[in-house]
Amino acid sequence: MIMQFNPNIMATFPPPVMEARRWIEGVEFPADRPLINVSQAAPVDPPPTALREAMAQFVLEDDETHLYGPVLGLPDLRAEVASQWNVAYGGDIVEAEVAITSGCNQAFAAIISTLCAAGDEVILPTPWYFNHKMWLDMGAITATPLETGDGLLPDVKAAAALITSKTRAIALVSPNNPGGVEYPSELLGAFFDLCQTRGIALIVDETYRDFDSRTDAPHDLFTRPDWEQTLIQLYSFSKAYRLTGHRVGAMVTSMARMAEAEKFLDTVAICPNQLGQRAALWGMQNLEEWLGEQRSEILARRAAIDAHFPKLAAKGWKIQGNGAYFAYVTHPFDERSDLLAQRMVHDIGVLCLPGTMFVPEGDPSGDKSLRIAFANIDAQGIAQLFERMETL
Ligand SMILES: Cc1ncc(COP(=O)(O)O)c(C=O)c1O
């Protein structure tokens, strides 16, 4: 029998985090030098107790939790996002312009399905978020790499030069995964202007917005005239309230695009996870202070990375970006980063992801870089990480 496969999915690379997990399979880590896992950008702890208690109550007492709900999400949660976003960004988003999705990755997939057909193009700054690239590959949509270079900030003119008649969108991630950099408000504004002028969409994935070091609005895009014709914002409840396993995200876009996205969302999941949505709403309404503390802790960890880095800099390492959950660093070795990352598992008990997972195949910048997802290690863990990296 001949098995049939879709060539687009065959050409898509396998899930990078799973590949990295295989590197530690069967490896013994001595008790006095346990594995330091800085590979995944996900909280490892469960949601705070009060949220779990609220969730238990939903399970027991709110029967709707167990049923299908509206395709575009719980109206109360959509309204809460609209209202909190309007305070944070100074806009006038309405509930109908917000949808809840089964995680932010699904929001990206839904949005792309409303924008692109096979053969179309989406511009992604490199290093890119690998699931964005993977989703485009599966749909035979070209991910056009926009190189960023030192500092990891994309250049608007360079992006303009990449736009063709097939370009449907530019997709940015700020604060950035994997680069950690927070895109300045003016830069996002300039990208918005470019996209608006050229009649393409600007997708801004703000999964890490709750951990931005800035206290004022990270951009003014929701206050721009006709923002909804250009801007699409994506968000995740995974990091803020530690709800990764419950799969809740959000997207903000025009009502016209929402009607198209609804077709995708209905077909793929019918509705977002009902318990997760209730948990997200409860979190938004009750965990502001707790979330503020989480943000302070992440910012302290980021500062610890900066404080320790000179030791590595003395050995030829460079830091390209540091923020949100990530530091993106350049190593001094004459060795490809994917091989170095595997050697680090064995030599120093550290698992991180190589830059090769975040750039197009053959892009030499990936060979030199590593992503350190530091959100799950405390100050002491960060000190140990650096001690070990110094011995490489
Ligand atoms: C930039 C970015 N977007 C989306 C996601 C996925 O979020 P979710 O768990 O809500 O699907 C991640 C998770 O790492 C991410 O880094």
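Below is a summary of the structure that appears in this document. (Residues numbered from 1 in each chain as written. Predicted model: local features only at pLDDT ≥ 70, side-chain atom pairs only at ≥ 80, totals over all residues. Heavy atoms only, no water.)

Of all residues adjacent to the ligand, which total 13 residues, the nearest are Cys104, Asp205, Tyr208, Ser236 and Ser238. Between the ligand and serine 238 there is a distance of 2.7 Å, counted from an oxygen atom to a side-chain nitrogen or oxygen. Here an oxygen atom of the ligand sits 2.9 Å away from a polar atom, N or O, in the side chain of lysine 239. Against a free-state accessible area of 400 Å², the protein chains account for coverage of 91% of the ligand. (Near = heavy atom within 4 Å. Polar contact = N/O pair within 3.5 Å; in protein donor to acceptor, adjacent residues only side chain to side chain. Areas by Shrake-Rupley, 256 points an atom, 1.4 Å probe, with all protein chains shown as cover.)

Right, let's talk about the side chain of serine 369 for a bit. Structurally, the position occupied by serine 369 is in strand β13 (residues 369-373). Given a relative accessible area of 3%, serine 369 falls into the buried group. A polar side-chain atom of serine 369 sits 3.0 Å from the main-chain carbonyl oxygen of serine 365. Setting aside residues no more than four positions away along its own chain, serine 369 makes contact with Gln320, Tyr328, Val329, Thr330, His331, Ser337, Pro354 and Gly355. (Helix = DSSP H or I, 4+ residues; strand = E, 2+ residues; numbered from the N terminus. Buried < 20%, exposed > 50% of the residue type's maximum accessible area, 1.4 Å probe, protein only. Contact = heavy atoms within 4.5 Å.)

It is worth spelling out the packing of helix α3 (residues 49-61) against helix α11 (residues 274-286) at this point. In contact at an axis separation of 10 Å, α3 and α11 are set at 135 degrees when each is read in the N-to-C sense. Comparing their axes, α11 and α3 come out oblique. Note that α3 runs across α11; the crossing there is right-handed. Together, Ala50, Leu51, Ala54, Met55, Phe58 and Val59 of α3 and Leu275, Arg278, Ala279, Trp282 and Gly283 of α11 make up the contact between the two elements. (Axes fitted to C-alpha atoms, helices over the stretch in contact; angles between N-to-C directions. Parallel < 35°, antiparallel > 145°, perpendicular 65-115°, else oblique. Left-handed = near helix turned anticlockwise from the far one by under 90°.)

The subject of this paragraph is helix α15 (residues 379-390). For α15, spanning twelve residues, the distance from its first C-alpha to its last is 17 Å, which sits close to the expected 16 Å at 1.5 Å a residue. Next to the buried residues of α15 lie β1 (36-37), α12 (288-313), α13 (337-348), β11 (350-351) and β13. (Expected span 1.5 Å × (residues − 1).)

Another point: the pairing of strand β9 (residues 318-323). In the sheet, β9 pairs with strand β10 (residues 326-330) via five bridges, with the strands oriented antiparallel. Bridging across to β10, isoleucine 319 finds its partner in valine 329. The loop that links β9 with its antiparallel partner β10 comprises two residues; one of these, alanine 324, has a positive phi angle of about 50 degrees. (Pairing = 2+ DSSP bridges.)

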